[in-house]
Amino acid sequence: MEYVKKRVRDVEDFPSKGIVFKDLTTVFKDPRALHIIGWDLGQLYRDKGVTKVVGVESRGFIGGSILAFELGAGFVPARKPGKLPADTVRAEYKKEYGTDVIEIHRDAITEDDIVVLHDDVLATGGTMAAVYELVKSMNPKKIYINFIIELSALKGRDILPKDAEITSLITY
Ligand code: AMP
């Protein structure tokens, strides 16, 4: 993981002043780093019978697709409002300013599914908490939560459900 960690690019003051953005494009463009990410994400869930990986728009689509492929599972996008073409379920959540909405196709998850929710970075946890509530309302057998990077100082874990097993490949 040191090889991957070295390739994460810190971009200061993006998207706004005071934020240090953890840029993973410098990881994904490196063939060896991309391979390590795929393999190590897969190792976390290989024996757990996972049937679907939910990727959070948009950076969660990259690692989420790779993880689904590694596990032989299906991939489900969790998207911003109005992007999915068919019937959706939605959750509203609070952001620093105002609220936001996340949607999943109503037929994307069934009660037989074992699901991993994936995003690239865990910051305050608000986005993932909303995705969890949404998927939980669809009653799958089990929900896991996964990130490539966890920013522990922001304590995102504290607002995520205690019964979900949360993993991340790199913690800062
Ligand atoms: P959260 O605050 O956990 O709801 O994060 C909101 C979204 O913004 C997530 O999809 C994260 O991937 C992304 N994000 C938040 N903070 C950062 C950061 N410092 N670097 C990279 N991505 C971030």
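Use the structure listed above.
A quick note: this is a predicted structure, and the numbers were derived from the prediction, not measured. (Residues numbered from 1 in each chain as written. Predicted model: local features only at pLDDT ≥ 70, side-chain atom pairs only at ≥ 80, totals over all residues. Heavy atoms only, no water.)

### Overview of the packing of aromatic side chains
Put simply, the rule is: Stacked, edge-to-face and tilted are the three classes for Phe, Tyr and Trp ring pairs, Trp counted by its six-membered ring, which pair at centre distances within 6.5 Å; planes under 30 degrees apart are stacked, over 60 edge-to-face, the rest tilted. Strands here are runs of E lasting at least two residues and helices are runs of H or I lasting at least four, both read from the DSSP assignment and numbered beginning at the N terminus. Charges are assigned to positions over rings by a cutoff of 6 Å between ring centre and Lys NZ or Arg CZ, combined with an angular limit of 35 degrees from the ring normal.
Taken as a whole and judged by the stated rule, the model has three aromatic pairs. Aromatic pair F14 and F21: ring centres 5.2 Å apart, planes at 85 degrees, arrangement edge-to-face. Each ring, one from F61 and one from F75, has its centre 6.0 Å from the other, and the planes form 85 degrees; the classification is edge-to-face. One end of the pair, F61, is in helix α4 (residues 60-71); the other, F75, is in strand β4 (residues 74-78), and 14 residues separate them in sequence. Over the ring of Y3 we find R7; its NZ or CZ atom is 3.6 Å from the centre of that ring.

### Considering the site of the ligand
Defined as follows: The criterion for a residue being near a molecule or strand is simple. One of its heavy atoms has to lie within 4 Å of it. Nitrogen and oxygen atoms within 3.5 Å of one another constitute a polar contact, given that in protein one can donate a hydrogen and the other can accept it, and given that sequence-neighbouring residues count only through two side-chain atoms. Here, Shrake-Rupley sampling with a 1.4 Å probe gives the accessible areas, and only protein chains in the shown set may cover a residue.
Residues in contact with the ligand amount to 13 residues; listed here are only the nearest, D119, D120, T124, G125 and T127. Within the contact set of the ligand, an oxygen atom lies 2.5 Å away from a side-chain nitrogen or oxygen of T124. Within the backbone of G126, a nitrogen or oxygen atom sits 3.4 Å from an oxygen atom of the ligand. Protein chains bury 82% of the 480 Å² of accessible surface belonging to the ligand in isolation. For the shell around the ligand, the elements supplying multiple residues, two or more each, are β2 (20-23), β7 (114-122) and α5 (126-136).

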